[in-house]
Amino acid sequence: MAGFDKVVSSYEEAMAGLSDNMTVLAGGFGLCGIPENLINEIKRKGTKGLTLVSNNCGVDDFGLGILLPKRQIKKIIASYVGENAEFERQMMSGELEVELTPQGTLAEKMRAGGAGIPAFFTATGYGTPVAIGKEERQFKGRDYILEESIVGDFAIVKAWKADRFGNLIFRKTARNFNPLAATAGKITVVEVEEIVEPGELAPDQIHTAGIYVDRVIQGTFEKRIEQRTVRTTKGA
Amino acid sequence: MALTREQIAQRVAQELQDGYYVNLGIGIPTLVANYVPEGMEVMLQSENGLLGMGQFPTEDEIDADLINAGKQTVTMATGASVFDSAESFAMIRGGHVDLTVLGAFEVDVNGNIASYMIPGKLIKGMGGAMDLVAGADNIIVTMTHASKHGVSKLLSNCTLPLTGKGCIKKVLTDLAFIEIKDGKFYLLERAPGVSVEEIVKLTTGELVVTGDIKEMKFE
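So, here's what we can say about the structure. (Residues numbered from 1 in each chain as written. Chains lettered and ligands numbered in written order. Predicted model: local features only at pLDDT ≥ 70, side-chain atom pairs only at ≥ 80, totals over all residues. Heavy atoms only, no water.)

### Describing the overall build of chain B
The number of helices and strands found in chain B is 5 helices and 14 strands. Here the C-alpha atoms of chain B give a radius of gyration of 17 Å, agreeing with the 17 Å that 2.2 N^0.38 yields for 219 residues. Along the first, second and third principal axes, the C-alpha atoms of chain B reach 50 × 40 × 30 Å. Relative to its 219 residues, chain B shows a buried fraction of 57%. For chain B, the accessible area works out to roughly 9,400 Å², and carbon and sulfur atoms hold 50% of it. Here chain B carries 17 positive and 28 negative side-chain charges, and the mean point of each set is 10 Å from the other. (Helix = DSSP H or I, 4+ residues; strand = E, 2+ residues; numbered from the N terminus. Rg over C-alpha atoms; globule rule 2.2 N^0.38 Å. Buried < 20%, exposed > 50% of the residue type's maximum accessible area, 1.4 Å probe, protein only. Areas by Shrake-Rupley, 256 points an atom, 1.4 Å probe, with all protein chains shown as cover. Lys, Arg positive; Asp, Glu negative; His and termini not counted. Charge placed at Lys NZ, Arg CZ, Asp CG, Glu CD.)

### Some points on the overall build of chain A
Along chain A, the regular secondary structure elements total 5 helices and 11 strands. Taken against the 2.2 N^0.38 rule, which gives 18 Å for 236 residues, the C-alpha radius of gyration of chain A at 18 Å falls within 12% of a compact globule. Each principal axis of the C-alpha atoms in chain A carries an extent, and together these give about 50 × 50 × 40 Å. Looking at chain A residue by residue over its 236 residues, the buried ones come to 54%. Long-range contacts, defined as pairs at least 24 residues apart, comprise 72% of the intrachain contacts of chain A with a sequence gap of at least 6. Approximately 10,000 Å² of chain A is accessible, and the part contributed by carbon and sulfur atoms is 48%. For chain A, the separation between the mean place of its 29 positive charges and that of its 31 negative charges on side chains is 3 Å. (Contact = heavy atoms within 4.5 Å.)

### Side note on the sheet that holds strand β9 (residues 154-155) of chain B
Residues and elements named next belong to chain B. Judged by pairing direction, the sheet is mixed, and its 3 strands sit side by side in the order β7-β6-β9 without closing on themselves. Each edge of the open sheet is held by one strand with a lone partner, namely β7 (113-114) and β9. In this structure, strand β6 (residues 106-108) lies alongside β9, joined through 2 bridges in parallel fashion. Bridge pairing in β9 places Asp108 opposite Leu155. (Pairing = 2+ DSSP bridges.)

### Considerations on helix α1 (residues 5-13) of chain B
Every buried residue of α1(B) is accounted for by B:Ile8, B:Ala9, B:Arg11, B:Val12 and B:Ala13. Looking at the buried positions of α1(B), the neighbouring elements they touch are α2 (28-31), β5 (99-103), β8 (139-143), β10 (170-173), β11 (176-181) and β12 (184-190) of chain B.

### Some remarks on the sheet that holds strand β6 (residues 136-139) of chain A
Residues and elements named next belong to chain A. In space, the 3 strands of this open sheet follow the order β5-β7-β6, with antiparallel pairing throughout. Each edge of the sheet is formed by a strand with only one pairing partner; in this case those strands are β5 (119-122) and β6. The mean inter-strand angle of the sheet, taken between neighbouring strand axes irrespective of direction, is 35 degrees. Judged from the 4 bridges that link them, β5 and strand β7 (residues 142-148) form a sheet pairing that is antiparallel. (Axes fitted to C-alpha atoms, helices over the stretch in contact; angles between N-to-C directions.)

### A short note on the side chain of A:Arg215
All names here are of chain A. By secondary structure assignment, the location of Arg215 is in strand β11 (residues 215-218). Buried and unpaired, Arg215 has Asp214 as its nearest opposite-charge partner, separated by 6.8 Å. Of note is the side chain of Arg215, whose polar atom sits 2.7 Å from the backbone oxygen of Ala14. Here the side chain of Arg215 touches Ala16 through a polar contact of 2.9 Å, landing on its backbone oxygen. Each residue touching Arg215, except ones within four places of it in the same chain, is listed here: Lys6, Val8, Glu13, Ala14, Met15, Ala16, Phe154, Ile187, Thr188, Val189 and Val190. (Salt bridge = Lys/Arg side-chain N within 4 Å of Asp/Glu carboxyl O. Polar contact = N/O pair within 3.5 Å; in protein donor to acceptor, adjacent residues only side chain to side chain.)

### Describing the environment of B:Val22
Residues and elements named next belong to chain B. Summarising the element assignment, Val22 is placed in strand β1 (residues 20-24). C-alpha of Val22 to C-alpha of Ser46: the two residues are 24 residues apart in sequence and 8.8 Å apart in space. When near neighbours in sequence (up to four residues on either side) are disregarded, Val22 contacts Leu16, Val42, Met43, Leu44, Gln45, Val97 and Leu99.

### Observations concerning the nonpolar core
In terms of nonpolar packing, the biggest core is built from 54 residues, with B:Val107, B:Ile113, B:Val141, B:Ile168, B:Phe185 and B:Leu187 touching the most fellow members. For B:Leu187, the contacting residues outside a window of four places in its chain are B:Ala176, B:Phe177, B:Ile178, B:Val196, B:Ile199, B:Leu207, B:Val208, B:Val209 and B:Ile213. Membership of the second largest hydrophobic core comes to 38 residues, among which are A:Ala26, A:Leu64, A:Leu96 and B:Met130. (Core = buried A, V, L, I, M, F, W, Y, C linked by side-chain atoms within 4.5 Å.)

Right, dumping it as structure tokens:
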């Protein structure tokens, strides 16, 4: 690597520096737009005691779920989990700590973390179990709770295309949490389907500027579908 | 007769207006998309980051990068846009969505809603439901009026952990269309063939019945 060139050539290099007990932010919604190979690399490395921040936790044999069997995740901060048996078992037995966070609050926690904002007030979760232990305040007669932002030691991100400088373009709903996670990692690692030369991505079309990105690697992806639904006669 | 799932969706669809941006929750709310009146344009928002959700894809159109909030493969309607999840919830929390339809386990006379966890059972999480109920002004909750054992789900106080406090004003059950205001339920309409007495019997929270309660109409 030299200058602004962020491209690395191996997954080992991509995840270098990840160590036990770190906090990792992961992009993806369900199995859509997840950094498949970066997750595989964490599994291979065997890093333990991780706090994972991700909307979901994958399924038994794909996505973040593959980090469960060897107990690599200590805690997960997510909005919707439990699509896998091992997750359920570890959650029920108390081996895995789960902090359920509303989806919009989770997205905003990452966005705020990346933007240098330590906390924000939101009406989401007021009067619910989410509000327990949090500061409450009224603005214009409405009740809000104070939510703290999140930054990660690492952010693992999946984008569609990158240039060598780490400028990113995402594809369709695979964007989801990825641009937010990208801003909030002390080290942000992005895997993409295609790497192009600087200047090949139109500046107006770039979703995430390379300033947030530390490492870029090109991968191949399975892109597993969780709920394969097709149209038969008519209707959505 | 209690309404079927399809009839509940049909009745909700009667509340749609031309030019509405609508977020439909998982389950019965999703079916509302099938009953958008002819000639009316509505745009469906999916909170993972899609505005202008189209119908399910054909086999050839399936794209792993294009799913809805229920993780189902979908397509994009003409004029659709995609964005990240923070932007998506800015739309929701910022009150830009015209109508939100979602399910619930319980609602009460104070507009509280419980929809995401039953203590002692596996807790999967709230997903976007807490943001949706906190952010939307116009929400319709769709649910069954009572459990199979006849236990009311329209209560004086929710017994389950809340998804949102004081945020629900309209509830459509399989028996009745109900408005919530001033700490009471108000009966607006009843399902065809369902008597006011039956509804009263299956509503635990205070239910106000004024005048002649009309039956819902379906085409």
